[in-house]
Amino acid sequence: MTDSERIPLHFSSQSDIDEIEDLLHISVEPVRQAADAGKPPSPPRATIPVFSSPPPPPPPLRSVEASTSGASSSAGGLIGFGPAHTTLTEPVWATLKRDLLQVVSNLRIVVFPNPYRKDAGRALRDWDLWGPFFFIIFLAFILSYNASADRPKVFAVVFAVLSAGAIVLTLNVVLLGGSIIFLQSLSVLGYCLFPLAIGASVCMAKDDKIFRSIVVLATVTWSSWAVYPFVSTAVPPSRKALAVYPVLLLYVSMGFLVLANN
Amino acid sequence: MAEEENYSNPLTALFHVLFKGSAIAFYILCSFFINSFIIQFVVTVFLAALDFWVVKNVSGRILVGLRWWNEINDQGESVWRFESLDRESLERMNKKDSWLFWWTLYLTPVVWLALGIVAVIKFNFDYLLIVGMCLSLSAANIIGFTKCRRDAKKQIQSLASQVVTAHVASRLQSALNFV
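Treat the numbers as computed from the prediction; the structure is a model and nothing was measured.

A. View of helix H1 (residues 10-33) of chain B. Its axis deflected by about 35° at Tyr-27 of chain B, H1 of chain B carries its strongest bend there. Packed against the buried residues of H1 of chain B are helix H2 (37-64), helix H4 (95-121) and helix H5 (125-178) of chain B.

Structure (C-alpha cells):
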C-alpha cells in the first residue's frame with residue numbers, strides 16, 4: 001500500500017535513468033525492509049532530481065571502495081570517509097593546500113616525538129611520497145654541491161643509493177615475513193632522511209671536523225630513532241635485528257657521506 | 001551531437017599537456033644548452049612530478065571526472081579508492097577533453113621509453129635514472145586512472161542492475177500485496 005503510493009505506477013516521459021534513480025532512493029534497503037511503513041529514503045548524498053532537470057552544482061558523485069564490490073557501498077553513496085565526497089569538485093588550491101599540509105603532518109608524525117608513534121601502522125596512514133622526494137633531491141644536491149670532483153656522479157649515486165636503498169629495505173622487510181605496505185614504508189624511510197638533510201645543510205656552514213662529527217652523529221641517531229618503531233613493529237620479534245640493521249646501515253653510510261664531504 | 005565540440009576546459013587541458021611536454025622537451029634540449037646533468041635531472045624530474053600531481057589531482061577530475069588514491073584502512077591494509085562522477089555527469093563530459101586526456105596519458109611513457117632506449121644506446125646510464133623516474137610516474141597515473149575508469153564502468157553497471165532487480169522485486173511485492 002505504502003509501496004504503491006511511492007512507486008510511480010506509470011512510466012512517464014522522463015528518461016529511464018531518472019526513474020531508476022528515483023527508485024534507488026526509495027529502495028536503498030533490501031526489499032523486505034522497504035516494505036515496512038514510512039521508511040524515508042536514506043542516502044545522505046546530494047539528491048538526484050527525479051525529473052530531468054539539470055542537477056544542482058556540484059554534481060552528485062559516488063565514492064567507491066575498490067576492495068568491496070559495489071552493491072551496498074554504491075547504494076549507500078558515501079562510505080564513512082568524511083571529506084572525500086567533495087574532492088572531485090574542490091578547487092585546485094584546496095587540493096594543493098591539503099597535500100602540502102599532509103606533507104607537514106607526515107613529517108611531524110614520523111620524525112618528531114608524538115603520541116602516535118606507538119602504533120606504527122596507524123601513524124602514517126596518509127602516506128605520501130612528496131616529502132621523501134624533496135628530501136632525497138635536497139640531500140643529493142647538498143652532497144654533490146660540496147663534492148670536489150665529478151658532481152653529477154655524486155648526485156646520481158646518492159639519488160640512486162637512497163631510492164634503491166629504500167626499495168631494497170622494504171623488500172627486505174617483506175621477505176622477512178613482515179607485514180608492511182610497500183609505498184607506506186618507502187614514505188617512512190624517506191621522511192626519516194629529514195634529520196640527515198638538516199645535518200648536511202648544517203655541515204655546509206662549518207668545515208671543522210669535530211663539529212661535523214657531532215652534527216652527523218646527532219642526526220644519524222635522530223634518523224635511526226625515528227625509523228626504528230616503524231621497522232621493528234613490522235616484522236616478527238625474532239627477526240627484528242635482521243630488519244633494523246640494514247636500515248641503520250643505510251643511514252650511517254649516508255652520515256659518513258655527509259661527514260666526508262668537503 | 002553533429003556540431004564540433006570545443007574543449008570545455010582549455011586551461012586544464014593546456015596544463016595537462018604542458019608539464020609532460022616541457023619535461024620531455026627539457027630532457028632533450030637541455031644537453032645542448034646547459035652542460036649540467038644535475039640541473040637536467042632535477043628540473044626534468046621536478047616537471048615530471050608536477051605533471052603527475054596535476055594529472056592525478058586536477059586534470060583527472062576536471063577532464064574525465066575520475067579520481068584515485070590509496071589509503072590504509074584500520075586493519076592496516078592498503079586500499080585503492082576510486083571516485084567518479086555519476087553517470088549523467090560522466091556522459092556530459094566533453095569528448096575532446098577526454099580524448100586528449102587519455103591519448104597524452106598513454107603516449108607519454110612510450111616517448112620516455114624511446115628516450116630511455118636512446119640513452120642506453122648512447123651509454124648514458126646516468127640518464128636512465130631520469131627516464132626511470134619519469135616512466136614510473138607516468139605508469140602510476142596510467143594504472144590508477146585505468147583502474148578507476150574500469151571501476152566506474154563496473155559500478156554503473158552494478159548500480160543499474162541492482163536497481164533494476166530492486167525495482168522488479170518491489171513490483172512483485174506490490175503485485176503480491178494486492179492478492
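B. View of the pairing of strand S2 (residues 78-85) of chain B. Residue and element names in this part refer to chain B. Most of S2 is tucked away: 6 of the 8 residues are buried. Sheet analysis places strand S1 (residues 66-72) next to S2, joined by 7 bridges and oriented antiparallel. Bridge pairing links Asn-70 to Trp-80 in S2.

C. Quick look at a positive patch on the surface. The grouping of Lys-147, Arg-149, Arg-150 and Lys-153 of chain B at the surface amounts to a positive patch. With respect to the helices, strands and loops of the structure, Lys-147 of chain B is situated in helix H5.

D. Region of the structure containing the pattern of salt bridges. For the coordinates displayed, the defined rule picks out 2 salt bridges over all chains. Between Asp-126 of chain B and Lys-153 of chain A there is a salt bridge; the shortest N-O distance is 3.5 Å. Residue Asp-126 of chain B is found in helix H5, and its partner Lys-153 of chain A is found in helix H8 (residues 151-175); the two belong to separate chains. Residue Asp-126 of chain B is classed as partly exposed on the basis of its relative accessible area, which comes to 23%. For the salt bridge of Asp-51 of chain B with Lys-20 of chain B, the shortest nitrogen-to-oxygen distance reads 3.1 Å. Of the two residues, Asp-51 of chain B is situated in helix H2 and Lys-20 of chain B in helix H1; the sequence distance between them amounts to 31 residues.

The rules behind these values
Residues numbered from 1 in each chain as written. Chains lettered and ligands numbered in written order. Predicted model: local features only at pLDDT ≥ 70, side-chain atom pairs only at ≥ 80, totals over all residues. Heavy atoms only, no water. Bend = angle between axes of the 7 residues up to and from the residue. Helix = DSSP H or I, 4+ residues; strand = E, 2+ residues; numbered from the N terminus. Contact = heavy atoms within 4.5 Å. Buried < 20%, exposed > 50% of the residue type's maximum accessible area, 1.4 Å probe, protein only. Pairing = 2+ DSSP bridges. Patch = residues over 30% accessible without salt bridge, like charges linked within 9 Å, V, L, I, M, F, W, Y side chains within 5 Å. Areas by Shrake-Rupley, 256 points an atom, 1.4 Å probe, with all protein chains shown as cover. Salt bridge = Lys/Arg side-chain N within 4 Å of Asp/Glu carboxyl O. Lys, Arg positive; Asp, Glu negative; His and termini not counted. Charge placed at Lys NZ, Arg CZ, Asp CG, Glu CD.

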